[in-house]
Amino acid sequence: MDKQNDQSRMDKIVSLAKRRGFIFQSSEIYGGLNGFWDYGPLGVALKRNLKDCWWQDMVSGHDELATPAGAPEPYEMAGLDCTIIMHPQVWKVSGHFDLFHDWLVDCRESKKRYRYDHLHGRFASHRNKRVFVVTDQSGDDALPHTLTRAQKFFGLRAKQIEEIQWEGGIEPLAAGIAAGTILTAETLAPDAAELGTLTDPREFNLMFETRIGALAGGDDDRAFLRPETAQGIFMNFKNVLDTSRVSVPFGIAQIGKSFRNEITPRNFTFRSREFEQMEIEFFCKPADSTAWYRYWRDRRWKWYLDLGLTAGKLQLREHHADELSHYSVGTADIEYAFPFLAEGEFGELEGIAHRGDFDLRSHSEGKLVRQDGQLVVEQGVDGKPRHRGSGKDLSYFDDVTRERYVPHVIEPSAGADRAVLAFLCDAYHEDEVPDEDGKPRSRTVLKLHPRLAPLKVAILPLVKKDGMPELAAELYRKLKPHMAAMYDEKGSVGRRYARQDEAGTPWCITVDGQSLTDRTVTLRDRDTLVQSRVAVDAVVDLLRDRLRTGVS
Ligand code: GAP
């Protein structure tokens, strides 16, 4: 599919998401708030189902007695739900206070603000003028954007654009400035008419700040909304160990909101300022950590495939050594080819990181930095720890081997909103189905996995008389305690099917004339369109079984 088709596909997905009540812009009646999104009736069900699948598959349904395929040994899992606002020292010791920032630049003319690493461009010359035309567009949109910007800057008509001479392809602005091959004075900012309007880059911490208490004002009241759920798990490592009967190896899982003051939220919900994460911190013996890293990487990859994401659109990317955080021994990203990205580009759904003993040691000893290949406590100018740890012993004593060690951590960290977006994009299809008269009718259908689908089944009386609504209501009431079911008697049956296809409902049940004589109904499958007759009394068991096995 070419880029333009892909972009129009994305536009259709965004429009369906709004029209059918999956996702709305936050505070829309006041013009919306950039980077914040609300989930409507269908969206909240989809997102809840996704989080429930994750919790069921990773935590509550985990078999602690068996060794899962690829795992070194059986392991335990525990859950947690901790606060969004934590002691400010957490973020100082974790490194977020000092290091969790992006570089931004402002445009003095347009007053717009950009992420420095999102600015690219190319040199254009016309007559005796040479400028570096900067764009904030990504992928395939970048080149055409520089073309229209240059045309406007040089004051050319469409037929004169051939007169512009271009040097090379798109290159990052930051690298050119750093190398001295691009001068700020010759840059044309993405929304400016004059040259040289971009400021020098400056750091911008992504944590949202707040104040605690009525007497807020002093530095002691300063607190932060968590930018990740992971730190709450480290805070409770000892609590979980001391109060539940888990022993290493074990994982603690948490689903919850995180907040990042992203400079340029974009691509629908992909980069939001408020979003949900589904994170596991898995604690293991240092010697086994590489095997556990591989296990979690492969386990998490398989989870997306099992829930139906198209294998060809997923990518597992191991980070190069120079991409790794200073504490990480290995990291892999699970990425998806979102339609808003250029051909060949992928967006991150989840990162699986081998974090070594960095977190537990930091929260015990103080913020760590790597020096000569070793993690050591960072010193301030006064020779004292730059950010003090808790001083609590976060090591683990193994009763069997009589060893004491600081466990290593493997962290599979997924975004719930990004996963919802990927499943929505992947499920979106347009095809043709025969209408009631057998004529082809185009339809939009969300082919969501039945476990994820907001509604599992719709019950439709063929007509609103002759006892059909009563039998349909009876069936609806039988199904409702077991799964999300809907009763719909409004409009032609074709239109009702179309509404359910767009909502991603895997099954529709029609109560017709025959149902009244033999108590059978028609069961229609969303994807195969196969219609079969099923006894009313067999419907609940049949659909529960299909939901359990994931067969649509
Ligand atoms: N504890 C590790 C951590 O937070 P991360 O790669 O920064 O790692 C993990 O975030 C996941 O959270 C990402 O893979 C993504 O799915 C999601 N995520 C991160 N920033 C996001 C944002 N601004 N909007 C939506 N999801 C985001």
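Structure shown above.
Note that this is a predicted model, so its numbers are computed, not measured.

Caption draft 1: Seen up close, the site of the ligand. Looking at the ligand, there are 17 residues lining it, with E228, R260, S272, E279 and E348 nearest. A distance of 3.1 Å is found between an oxygen atom of the ligand and a backbone nitrogen or oxygen belonging to G415. For the ligand, whose accessible area on its own is 560 Å², the fraction buried by protein is 88%. Counting residues per element, the ones that place at least two in the shell around the ligand are strand 14 (274-284), strand 17 (347-356) and strand 22 (408-415). Of the residues belonging to the shell around the ligand, the class tally is 4 nonpolar, 4 polar and 9 charged.

Caption draft 2: Representation of the nonpolar core. Residues W296, Y304 and F338 are the most contacted members of the largest nonpolar core, which totals 60 residues. Counting residues per element, this core draws most heavily on helix 11 (residues 416-427), which supplies 9 residues. V457, M468, L471 and L523 belong to the second-largest nonpolar core, a separate cluster that totals 20 residues.

Caption draft 3: Molecular detail of the pattern of salt bridges. In the structure shown here, the tally under the stated rule is 45 salt bridges. Close ionic contact of D393 with R404 constitutes a salt bridge, the shortest N to O distance being 3.8 Å. You can see D393 sitting in the loop between strand 19 (374-377) and strand 20 (396-398) and its partner R404 sitting in strand 21 (residues 403-405), a full 11 residues away along the chain. Beyond isolated ion pairs, a larger network of salt bridges with shared partners links D102, R115, D117, E262 and R271.

Caption draft 4: Structural view of the sheet that holds strand 8 (residues 165-172). With respect to topology, 4 strands assemble into an open sheet ordered 8-6-7-9, the strand pairing being mixed. Edge positions in the sheet fall to strand 8 and strand 9 (187-188), since each of these pairs with one other strand and no more. Packed on one face of the sheet, helix 5 (residues 142-154) meets strand 6 (120-126), strand 7 (129-135), strand 8 and strand 9 and runs near 140° to strand 7.

Caption draft 5: Focus on the sheet that holds strand 5 (residues 113-115). The strand order across the open sheet formed by 3 strands is 5-4-10, and the pairing between neighbours is antiparallel. Two strands lie at the open edges of the sheet, namely strand 5 and strand 10 (202-205), each paired on one side alone. This sheet shows a mean twist of 45° between the axes of neighbouring strands, independent of strand direction.

Caption draft 6: Focus on the side chain of K47. In this structure, K47 sits in helix 2 (residues 41-60). For K47, a relative accessible area of 7% gives the class buried. Apart from the residues lying within four places of it in its own chain, the contact partners of K47 are Y39, E276, A416, D417 and V420.

Caption draft 7: Spatial organisation of the packing of helix 2 against helix 9 (residues 289-306). One way to put it is that helix 2 packs onto helix 9 with a least axis distance of 12 Å and a crossing angle of 140°. Between helix 2 and helix 9, the crossing angle belongs to the class labelled oblique. The two elements helix 2 and helix 9 meet at a crossing, and its hand is right-handed. On the side of helix 2, the interface is formed by L50, C53, W54, D57 and M58, while helix 9 contributes W296, R299, R300 and W303.

Rules of the game
- Residues numbered from 1 in each chain as written.
- Predicted model: local features only at pLDDT ≥ 70, side-chain atom pairs only at ≥ 80, totals over all residues.
- Heavy atoms only, no water.
- Near = heavy atom within 4 Å.
- Polar contact = N/O pair within 3.5 Å; in protein donor to acceptor, adjacent residues only side chain to side chain.
- Areas by Shrake-Rupley, 256 points an atom, 1.4 Å probe, with all protein chains shown as cover.
- Helix = DSSP H or I, 4+ residues; strand = E, 2+ residues; numbered from the N terminus.
- Nonpolar A, V, L, I, M, F, W, Y, C, P; charged D, E, K, R; others polar.
- Core = buried A, V, L, I, M, F, W, Y, C linked by side-chain atoms within 4.5 Å.
- Buried < 20%, exposed > 50% of the residue type's maximum accessible area, 1.4 Å probe, protein only.
- Salt bridge = Lys/Arg side-chain N within 4 Å of Asp/Glu carboxyl O.
- Pairing = 2+ DSSP bridges.
- Contact = heavy atoms within 4.5 Å.
- Axes fitted to C-alpha atoms, helices over the stretch in contact; angles between N-to-C directions.
- Parallel < 35°, antiparallel > 145°, perpendicular 65-115°, else oblique.
- Left-handed = near helix turned anticlockwise from the far one by under 90°.

Function cannot be inferred from these measures alone, as they are strictly geometric.
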